[in-house]
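Coordinates in review
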Amino acid sequence: MVIYVQNKDIGMLVIGALISLIGVAIHILEPGWVINPIGTGGAFVGAGIALILISIRSIRLQKKGTVVEDERIFHIAEKASHKTLTILIILEGVLMAFLGVTAFNIQAYPIVSMLFVITTLSYAGFYYWYKRQM
Amino acid sequence: MKNTLKVWRAKKDITQDDLANEMEVTRQTINAIERGKYDPSIKLAFKMARFFECSIEDVFLYEE
């Protein structure tokens, strides 16, 4: 079990490093098929660094023998996910209706970025709200 | 759901951290259960009762 968890974390570390490298490569090489190399590269590097930091934290806590996840944490995550999903479904429904009615020609990239930010903030917010409640 | 976890823990003279390690949960979970903020799963409740060598009803009390 311990070996499996450590392998999983090492795998996440490697994937994080690869994603970061891809981000740096996109930023430096600026391939023609990428519309926004700075934004795309930054997103890849951010995701890679986040993955690396999560893996390092997990490995450090495992070495100390600290329990990182338990049923309460899963319960909190479940509730936060449910609330986030509800908000996103409502928001996307309203957005679809708005775009359908007004026939607005909005670019996909800013809309997807906005939805990404809302998803992240909503989940983090609800997670900490429920963590304080429970 | 009310509980007497704090009393049982005091009887055994163990800290929240010790109990958390025994139950394989975080210390925050033990704290939340003691404060009545979180109701444990049946599995965890059984595990606690077994640890304190008593029945579940001795530790947890369900109230309508």
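1. Some remarks on the confidence of the model for chain B
Do not read the fine detail of predicted coordinates wherever pLDDT is low. Residue and element names in this part refer to chain B. Taken as a whole, chain B shows an average pLDDT of 92; of its residues, 100% reach a score of 70 or greater. The element-level mean pLDDT for chain B is lowest in strand β1 (residues 2-3), coming to 91, with helix α4 (residues 42-51) highest at 95. Of the two predicted TM-score estimates for the complex, the pTM is 0.75 and the ipTM is 0.86.

2. Focus on the domain arrangement of chain A
Quite often, the size of an interface is put as the accessible area lost when its parts meet. Splitting chain A by domain gives domain 1 (1-68) and domain 2 (70-134). Using only C-alpha atoms to locate each centre, domain 1 of chain A and domain 2 of chain A end up separated by 23 Å.

3. Considering the interface of chain A and chain B
With five residues of chain A at the interface, the matching set in chain B holds 10 residues. Here the side of chain A that touches chain B is built from residues that sort into two nonpolar, no polar and three charged.

4. A look at the packing of helix α2 (residues 16-23) of chain B against helix α3 (residues 27-34) of chain B
When two helices pack together, their arrangement is given by the angle between the helix axes and the distance between those axes. All names here are of chain B. Contact pair α2 / α3: the axes reach a minimum separation of 8 Å and the direction vectors enclose 110°. Classified by the interaxial angle, the pair formed by α2 and α3 is roughly perpendicular. Of α3, the residues touching α2 (which contributes Gln-16, Asp-17, Leu-19 and Ala-20) are Arg-27, Thr-29, Ile-30 and Asn-31. Grouping the constituent residues of the contact of α2 with α3 by class yields three nonpolar, three polar and two charged.

5. Here's the deal with unusual backbone geometry
Residue and element names in this part refer to chain A. One non-glycine residue, Glu-30, lies in positive phi territory at about 45°. Structurally, Glu-30 is set in the loop between α1 (2-29) and α2 (37-64). The exposure class of Glu-30 is partly exposed, given the 13 C-beta atoms found within 10 Å.

6. Considering the environment of A:Ala43
All names here are of chain A. Assignment of secondary structure puts Ala-43 in helix α2. The exposure class assigned to Ala-43 is partly exposed, which follows from the 16 C-beta atoms found within 10 Å. Ala-43 sits 20 residues away from Gly-23 along the chain, and the two C-alpha atoms are 7.2 Å apart.

7. Regarding the environment of A:Met134
With respect to the helices, strands and loops of the structure, A:Met134 is situated in the segment after α4 (108-133). We classify A:Met134 as partly exposed; it has 18 C-beta atoms within 10 Å. Sequence separation between A:Met134 and A:His75 is 59 residues; the distance between their C-alpha atoms is 9.5 Å. Those residues within four positions of A:Met134 in sequence are excluded, and the remaining contacts are A:Arg72, A:Ile76, B:Ala32, B:Lys37 and B:Tyr38.

Reading guide: rules and limits
Residues numbered from 1 in each chain as written. Chains lettered and ligands numbered in written order. Predicted model: local features only at pLDDT ≥ 70, side-chain atom pairs only at ≥ 80, totals over all residues. pLDDT = per-residue confidence, 0-100. Helix = DSSP H or I, 4+ residues; strand = E, 2+ residues; numbered from the N terminus. Domains from an automatic or database assignment. Contact = placed C-beta atoms within 7 Å. Nonpolar A, V, L, I, M, F, W, Y, C, P; charged D, E, K, R; others polar. Axes fitted to C-alpha atoms, helices over the stretch in contact; angles between N-to-C directions. Parallel < 35°, antiparallel > 145°, perpendicular 65-115°, else oblique. Buried ≥ 20, exposed ≤ 12 C-beta atoms within 10 Å, placed from the backbone.

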